[in-house]
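Next come the chains, spelled out residue by residue.
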Amino acid sequence: MARAQGARGLLAAAALLGFLQASSSFEVKDSGGNVCIIADLIVDFSVEYKSNGQKEFAYFFLPQNATVEPQSSCGKHNASHPLLVLGFGAGHSLSLNFSEYADKYQVEEIVFHYNLSDATLFHNSTAGEVKRVSRKTIFQAYMGTKYRCISSKHVNMRNVNITFSNVTLEAYLTNGTFSMNKTECAEDMVSTTAVVPTTPKQTTSHVPTTSPAPTASPPNPAVGKYNVTGPNGTCVLAYMGLQLNITYLKKDEKMGLDLLNFVPHNTTSSGTCDNTSAFLNLTFEKTRVIFHFALNASTEKFFLQGVNVSTTLPSEAKVPKFEASNNSMSELRATVGNSYKCSAEENLQVTDKALVNIFNVQIQVFKIDGDKFGAVEECQLDENNMLIPIIVGAALAGLVLIVLIAYLIGRKRSHAGYQTI
């Protein structure tokens, strides 16, 4: 399956990158010295910023000498939740906010502060302020187990992409060390069996998530071709695979997960557009997703401003009808007349309970000539993925060079040991 092959590729990349970056381990302790949070992980940052009016990117890792900041806390029952704050460099910090519900705990929100006045990372930055970005996440594990994910997980925020890999973490610890049992992320569950499995996924139909047996991840959704026609011709042209991911409360007060792949030939599309806004409506079975695109006239760029989701949940859901919307987004940006393209999976956060995942997307809005895509503007995730084989190749080439030099030096010394008779 496509998802399985992708997961194997990510696992291989993570293993090779072990040459370049070791994971870092951090602990949070309460006032009595008892450990309540342990996090062992690799974090890779990509930040877009302005330098003399031009778009630049800064790439850096969470350093091993990052410090656990005083704001970190074990939480106090119902008053506050566990919090891990890691500080590094000249005023940068990464926060993981934990919460618990029923028999699970999760990293509910990730917050990243970065200081654009740090010239070592942001060369010739025209801004000198500290920026804050945040994102709800779905890193989730059963209580009394450690969360384990070797594969890369991308968290996309405005101007910032954070990639987590080789992650082992646990909150709400009771014995001061990692639990023996683990909850594995879905990306790692290609051919392995977890001691305590994550909720199994399904693809094209709603199935109650009650089976405790782990299942392989479903394939990526098929790419559909959709368009919207306005008064002046085609105003939205979109190719993408579409997947809906909803976390909901069940009648037994436990949490359920509904994962739905849109099937293109069973999906109907419609929409409207004018000079500054466009709507793409996609309906599959009892599920509808509406994409709202807008135009930034000052920069001549189009972007995804909002997403609205409505669906009917499985019968086990406490509330069968589900609706969610987010109208303050700034995703899928490209210059008018060009198309936005991204081969990597992108996760559009609608609410903390709803994600719209898009795959192999190419989209163009407003100015479309001849019903064909214009010049391509690649997403940052694809640019990052292109860097991985280059970095790994450079590392392997360096290793071969070191071995060769050592061999030549050793050979020269062995010849020097012979004397002429």
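Computed from a prediction, not measured in an experiment: that's the story for all the values here.

The rules behind these values
Residues numbered from 1 in each chain as written. Predicted model: local features only at pLDDT ≥ 70, side-chain atom pairs only at ≥ 80, totals over all residues. Heavy atoms only, no water. Buried < 20%, exposed > 50% of the residue type's maximum accessible area, 1.4 Å probe, protein only. Helix = DSSP H or I, 4+ residues; strand = E, 2+ residues; numbered from the N terminus. Pairing = 2+ DSSP bridges. Phe/Tyr/Trp six-rings, centres within 6.5 Å; stacked < 30°, edge-to-face > 60°. Core = buried A, V, L, I, M, F, W, Y, C linked by side-chain atoms within 4.5 Å. Contact = heavy atoms within 4.5 Å.

Visitor: What's the story with the pairing of strand β18 (residues 287-296) in this structure? I'm lost.
Guide: Each regular strand shows side chains that alternate between the opposite faces of the sheet. Of all 10 residues making up β18, seven are buried, and the element is well covered by its neighbours. Taken together, the eight bridges between strand β17 (residues 277-284) and β18 define a ladder with antiparallel strand orientation. Bridge assignment links Leu282 to a residue of β18, and that residue is Val289. The loop that links β17 with its antiparallel partner β18 comprises two residues; one of these, Glu285, has a positive phi angle of about 50°. In this structure, β18 lies alongside strand β19 (residues 301-312), joined through nine bridges in antiparallel fashion. Note that in β19 the partner of Arg288 across the bridge is Ser310. Where β18 hands over to β19, the hairpin turn is made up of four residues, of which Glu300 adopts a positive phi near 55°.

Visitor: Looking at this structure, I do not really get the packing of aromatic side chains. What am I missing?
Guide: Here the distance between the centres and the angle between the planes together describe a pair of aromatic rings. By the definition in use, this model includes 14 aromatic pairs. Their ring planes at 10° and their centres at 5.7 Å tell us that Phe139 and Tyr147 sit as a pair that is stacked.

Visitor: What am I meant to see in the nonpolar core here?
Guide: In summary, soluble globular proteins display a tendency toward joint burial of nonpolar side chains. Counting 45 residues, the largest nonpolar core has Leu280, Phe291, Phe293, Val307, Tyr340 and Val356 as the members making the most contacts within it. No other element matches strand β14 (residues 233-249), which puts eight residues into this core. Setting aside chain neighbours within four positions, we find Phe291 in contact with Met240, Leu242, Ala278, Phe279, Leu280, Leu282, Leu304, Gly306, Val307, Leu348 and Val356.

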